[in-house]
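Examining the three-dimensional arrangement
So the chains spell out like this:
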Amino acid sequence: RVGPTLPVSSELAAGPVEPPASTVEGFIEAFLRELNYGQGVLLSRSTINDQYLALARTVREYLMAGWLETGALRREGDRKIVGYLSAEYLLGRQLGNALLATNLQDIAEEAMRRCGIDIAALRAQEIEPGLGNGGLGRLAACFVDSLATMDVPCIGYGIRYEYGIFRQTFENGRQVEVPDSWLALGSPWEFPHPERQVRVDFGGHTEKWTDDQGRERTRWVPGWNVLGIPYHHMVPGFRNGTVNTLRLWSAKATQAFDLQIFNSGDYATAVRAQTFAENISKVLYPEDSTPQGKELRLQQQYFFVACSLHDFIANTLPKDFDLRQLPERIIFQLNDTHPVIAIPELMRILVDIKGFDWDEAWDITRRCFAYTCHTLLPEALEVWSVELLGRLLPRHLEIIYQINELFLEEVRQAFPGDEMRARRMSIIAEHPERSVRMAYLATIGSAKVNGVAELQSQLLRDKVLPDFSEYEPAKFTNVTNGVTPRRFIYLANRRLSNLITDTIGSEWVTDLDRLRELEPYADDAGFRAEFAAVKQANKERLFRLLSVRDGLELPQHAMLDVLVKRLHEYKRQTLKLLHIVSLYEDVISGTVAIDQVVPRTFIFGAKAAPGYHLAKEIIFLINSVAATINADERVKGVLSVAFPANYNVTLAEKIIPAADLSEQISLAGKEASGTGNMKFALNGALTIGTDDGANVEIRQLVGDDNFFLFGMTEPEVEALHARGYNPAEYYESNDKLQRTINLIASGHFTDGDRALSAQVVDNLVTQDPFMVLADFQSYLDAQARVDAAYRDPERWTRSAILNVARSGFFSSDRSMRDYLDRIWLSSPVE
Ligand code: NBY
């Protein structure tokens, strides 16, 4: 690097680093240069993929100077940096966001038009990087967007999975998973830096040794290693010149292959080690709640965490940095427990390598980490068997034992004689097998612990980590999730964005509370008409897409009732299904005349973890019900069910702006927050929801009149559980519920084959762990209120507008401010 003491700008070369002129002509010139000299083709010979790559690289050029400058400021400044550690980033397509950030949409569109290219076809060419499962991964993507927009220096660390979340297809209504080879045609958004490789060790054993001051030390003698290659991605702020970095690690074998074996002719054996090493970043685990405790998964976690800590200490900090100052320079935010092995890793670096005393190292470490918990389900809390951890990371296991021993000593001092408490708080669980509770390690090793919505944070304190919150109450806090308005309003809903901007100006994009200024317009009939027209246009756009994409033909004028999220029993897709079947049963049994039914189109989107059997049965049942209802002339045009395959960020951006009704129907006390719920409200859908996760806060803000609440509260759920829940009682005593379930059980939706619906039905009637039957009647009653409200379009639109106007709180910019104030204790760059 030339002239490190010169101001950053003088290090930037004139010419290629300077962005091309922000004119149509300048854009065309840069585009053709990329096409000809980057891609090596003439426009007349270029494929859509050539054009897409060239367009992406052109937009990239406009971000490059800002990126270099942001990086230099980060390294040379002395501000605290956020190191976001996340095993998942569910980014969504990049081209649109880059055009938005650079304000080049119109210029690029016109430039492409003049080149004879339809920019929409190029946008469609991009395969979204699906490096995440659901809410947790998408939250990480929203957070890095907000930090860049707020000029907060941040490095997002993660894994460059070669295969992201599987592509879902349906065969005869059953989910079939197809590998997501998102890199097959090349990604123009990543910058590989093989020269910045990091070595990561595994296995082996530890040894004691004595240093020259006579201190007893430990060293790790590893058994094998791999290389981590960083791939950098730009994270552009919204038109502010800041471009932060996402650094994703890819695993590579240390030695390409064993030449001796290779020469002897045994090619397969020669490359085995390579295949083994490179498996580490091969594929994203598709479980979204239940960790599987698989060895490869622990390898992934340690792999990316070890690379990231090393990278930060060796490459981001100045060479002579005094590590006692580390907490002043970095806060590592742990996105759930997946990166928690970073805590013993930092201890190992400080104690074993840098020679710190244990106590000093522990003091530093605890101030460098903060932990976010995203769940309330006990089965979702990660544990690693001591056997596995000790085999893969023997030194880390020793460190964890040491942390635990010292911690329990403190606890015993604070609560003398309370041995049960010490046992409950131990990082090491003894049953069913000896294992490490990662959430406990995270809590003990972090400066702060937060939940992701008010209710969950409360339950986290009271139910999940009660001993810890009693021991260190000040450590616990809440930061309610948020979503980025750039992607989920501005990009996804251009029509609504334009209407908002025409009405209150454009400040809302980076200051979402300004949406409040829309409130008075809810009573303006002219504005309501425009708002309703936007919704209708978004519906039509969605229907065109679903017609081409999935061969679905949907009625143009029906309430669009949407349930999109991962398939999980606690999210209760079956409750929605029961509602649909009950409406249908009402009609075919002659109980309700068809002209009394409010026309509704139900949309589902959901992937099931490949090993989650019951979830896959539920998918099959939804598809079966959809096929039957859609083919039944008696309800044609009134009840329709659509389940487009492969719900992902790209599809969400089309579905959410079109929705009238947002279904957020998890059993109270189970959904940590939800973020889809926020996206829908911000796009003018009304919510039917339980008192769960962030629904609670949405309802408080939009008001009871503009939200359809139903179901038990969390304490009621607990009480019913304590009394002993028997779903059969509800089935026996509710005639409508009985008719609904009987119709499903009869094989009506499965060509007469009762066996095909039996697993879902039996589970509901005999187990029903998430109390679907207990909430059924309340849900139906709320749906009746929805129908009544929808019959009055003016009232409905008024409520929809108020949902938009009052949901500004759910911007991820606000979440980031909360993290800055309550956890990171740091502020944006001036
Ligand atoms: O995190 C979700 C919560 O369910 C949702 O309520 C919340 O809004 C969101 C953001 O805070 N959790 C989630 O998405 N979890 C996962 O995706 C996930 C992924 C992997 C594993 C566990 C959970 N795993 O153990 O491998």
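Residues numbered from 1 in each chain as written. Predicted model: local features only at pLDDT ≥ 70, side-chain atom pairs only at ≥ 80, totals over all residues. Heavy atoms only, no water.

**Topic: the environment of E382**
Along the chain, E382 falls in the loop between β14 (369-372) and β15 (383-385). Looking at E382, the relative accessible area reads 4%, which means it is buried. Beyond its immediate sequence surroundings of up to four residues, E382 is in contact with P291, R297, Q301, T337, H338, V436, R437, M438 and A439. Reaching out from E382, the side chain makes a polar contact with the side chain of T337 at a distance of 2.7 Å. (Helix = DSSP H or I, 4+ residues; strand = E, 2+ residues; numbered from the N terminus. Buried < 20%, exposed > 50% of the residue type's maximum accessible area, 1.4 Å probe, protein only. Contact = heavy atoms within 4.5 Å. Polar contact = N/O pair within 3.5 Å; in protein donor to acceptor, adjacent residues only side chain to side chain.)

**A short note on the sheet that holds β15**
What the three strands build is an open sheet, ordered β15-β17-β16; its pairing is antiparallel. Edge positions in the open sheet fall to β15 and β16 (428-429), since each of these has one partner strand only. One ladder, built from three bridges, connects β15 with strand β17 (residues 435-437); its direction is antiparallel. Note that in β17 the partner of V383 across the bridge is R437. (Pairing = 2+ DSSP bridges.)

**Points about the side chain of R395**
The residue R395 is located in helix α16 (residues 394-414) in this model. Within the structure, R395 has its side chain in polar contact with the side chain of E398 (distance 2.8 Å).

**With respect to the packing of aromatic side chains**
According to the stated counting rule, one finds 27 aromatic pairs in the structure shown. Taking the centre distance of 5.8 Å and the plane angle of 20° together, the rings of F27 and Y62 count as stacked. Of the two residues, F27 is situated in helix α2 (residues 24-38) and Y62 in helix α3 (residues 48-76); the sequence distance between them amounts to 35 residues. For F27, a relative accessible area of 0% puts it in the buried group. Pairing F170 with F643 gives two aromatic rings, centres 4.9 Å apart and planes at 70°, and the pair type is edge-to-face. In this pair, F170 sits in strand β5 (residues 167-171) while F643 sits in the loop between β22 (639-642) and α26 (649-655), placing the two residues 473 residues apart along the sequence. Residue classification places F170 among the partly exposed residues on the basis of a relative accessible area of 23%. Accessibility expressed as a relative area gives 7% for F643, which makes it buried. Through pairs of rings, three or more aromatic residues link up here, namely F202, W220, W224, F276 and Y302. Cation over ring: K607 sits above F166, and NZ or CZ is 5.5 Å from the ring centre. Its end group placed over the ring of F488, K679 keeps NZ or CZ at 4.3 Å from the ring centre. (Phe/Tyr/Trp six-rings, centres within 6.5 Å; stacked < 30°, edge-to-face > 60°. Lys NZ or Arg CZ within 6 Å of the ring centre and 35° of its normal.)

**Considering the packing of helix α24 (residues 573-588) against helix α33 (residues 772-790)**
Where α24 meets α33, the axes come as close as 10 Å, and the angle between the chain directions of the two elements is 55°. In terms of orientation, α24 lies oblique with respect to α33. Considering how the two elements wind past one another, α24 and α33 form a crossing that is right-handed. Counted together, T574, L575, K576, L578, H579 and S582 of α24 and V772, L773, F776, Y779, L780 and Q783 of α33 form the full contact between these two elements. Grouping the constituent residues of the contact of α24 with α33 by class yields seven nonpolar, four polar and one charged. (Axes fitted to C-alpha atoms, helices over the stretch in contact; angles between N-to-C directions. Parallel < 35°, antiparallel > 145°, perpendicular 65-115°, else oblique. Left-handed = near helix turned anticlockwise from the far one by under 90°. Nonpolar A, V, L, I, M, F, W, Y, C, P; charged D, E, K, R; others polar.)

**With respect to the domain arrangement of the protein chain**
Domains assigned within the protein chain are domain 1 (1-77 + 97-126), domain 2 (78-93 + 128-480 + 817-824) and domain 3 (488-809). Contact with domain 3 buries surface across domain 2, with Q168, F170 and R174 losing the most and accounting together for 17% of the total. Applying the counting rule to domain 2 against domain 3 returns four salt bridges. The salt bridge involving R566 is made with D288; its shortest N-O contact spans 3.8 Å. For the pair domain 2 and domain 3, the number of links is 16 residue pairs in polar contact (both at pLDDT 80 or more). Listed by contribution, the elements that provide at least two residues to the side of domain 2 that touches domain 3 are α7 (135-149), β5, β6 (174-178) and α19 (454-464). Across the side of domain 2 that touches domain 3, the residue classes tally to 14 nonpolar, 14 polar and twelve charged. (Domains from an automatic or database assignment. Buried area = accessible area lost by both parts, 1.4 Å probe. Salt bridge = Lys/Arg side-chain N within 4 Å of Asp/Glu carboxyl O.)

**Observations concerning the pairing of strand β8 (residues 198-202)**
Within β8, four of the five residues are buried, leaving the element largely enclosed by the surrounding structure. As paired strands, β8 and strand β11 (residues 224-236) are joined by five bridges and run antiparallel to one another. Residue pairing in the sheet places D201 in a bridge with N225 of β11.

**Focus: the site of the ligand**
Lining the immediate environment of the ligand, one finds 20 residues, of which L136, H374, N481, E671 and G674 sit closest. Here an oxygen atom of the ligand and a backbone polar atom of G135 are 3.4 Å apart. Interatomic distance of 3.3 Å between a side-chain N/O atom of Y570 and an oxygen atom of the ligand. The protein chains hide 93% of the 560 Å² of surface that the ligand would expose on its own. Among the elements that line the shell around the ligand, the one with the most residues is α7, at three residues. Along the lines of polarity and charge, the residues of the shell around the ligand split into six nonpolar, nine polar and five charged. Shared between two domains, the shell around the ligand takes at least three residues from each, and those domains are domain 2 (78-93 + 128-480 + 817-824) and domain 3 (488-809). (Near = heavy atom within 4 Å. Areas by Shrake-Rupley, 256 points an atom, 1.4 Å probe, with all protein chains shown as cover.)

**Overview of the side chain of Q664**
Positionally, Q664 belongs in strand β23 (residues 661-664). Classification of Q664 by relative accessible area gives buried; the value is 5%. Within the structure, the side chain of Q664 is placed 2.8 Å from the side chain of S662, a separation counted as a polar contact. Every residue in contact with Q664, bar those within four places of it in the chain, is listed here: K565, G676, N677, F680, T687, I688, G689, T690 and N695.

**Quick look at the sheet that holds β22**
Pairing in this open sheet of six strands is parallel, and the strands run β22-β21-β20-β23-β24-β25 from one edge to the other. Sheet topology places β22 and β25 (707-709) at the edges, where each strand pairs with a single neighbour. Adjacent strand axes in the sheet meet at a mean angle of 20° when their direction is disregarded. Pairing of strand β24 (residues 686-689) with β25, which is carried by three bridges, proceeds in the parallel orientation. What sits directly across from G689, in β25, is L709.

**So, unusual backbone geometry**
Look at the link from H431 to P432: it is a cis peptide, with omega at 0°. With respect to the helices and strands, P432 occurs in the loop between β16 and β17. Although it is not a glycine, D151 adopts a positive phi angle of roughly 60°. Here D151 is to be found in the loop between α7 and β4 (154-159). The phi angle at M771 is positive, at roughly 55°, despite the residue not being glycine. Inspection of the secondary structure puts M771 in the loop between α32 (755-767) and α33. Residue M771 is classed as buried on the basis of its relative accessible area of 2%.

**Observations regarding the confidence of the model for the protein chain**
Of all residues in the protein chain, 97% attain a pLDDT of 70 or more, and the chain-wide mean is 96. Predicted confidence for residues 1-7 stays below pLDDT 50, and this span has five contacts to residues more than four positions away or in other chains. (pLDDT = per-residue confidence, 0-100.)

**Let's talk about the pattern of salt bridges**
As a working rule, side chains carrying opposite charge can pair if their charged atoms are close by. Here the structure, examined in full by the defined rule, presents 56 salt bridges. Among the salt bridges present, the one from D691 reaches R699, with a minimum N-O distance of 3.2 Å. Judged on exposure class, the residue D691 and its partner R699 are both buried.

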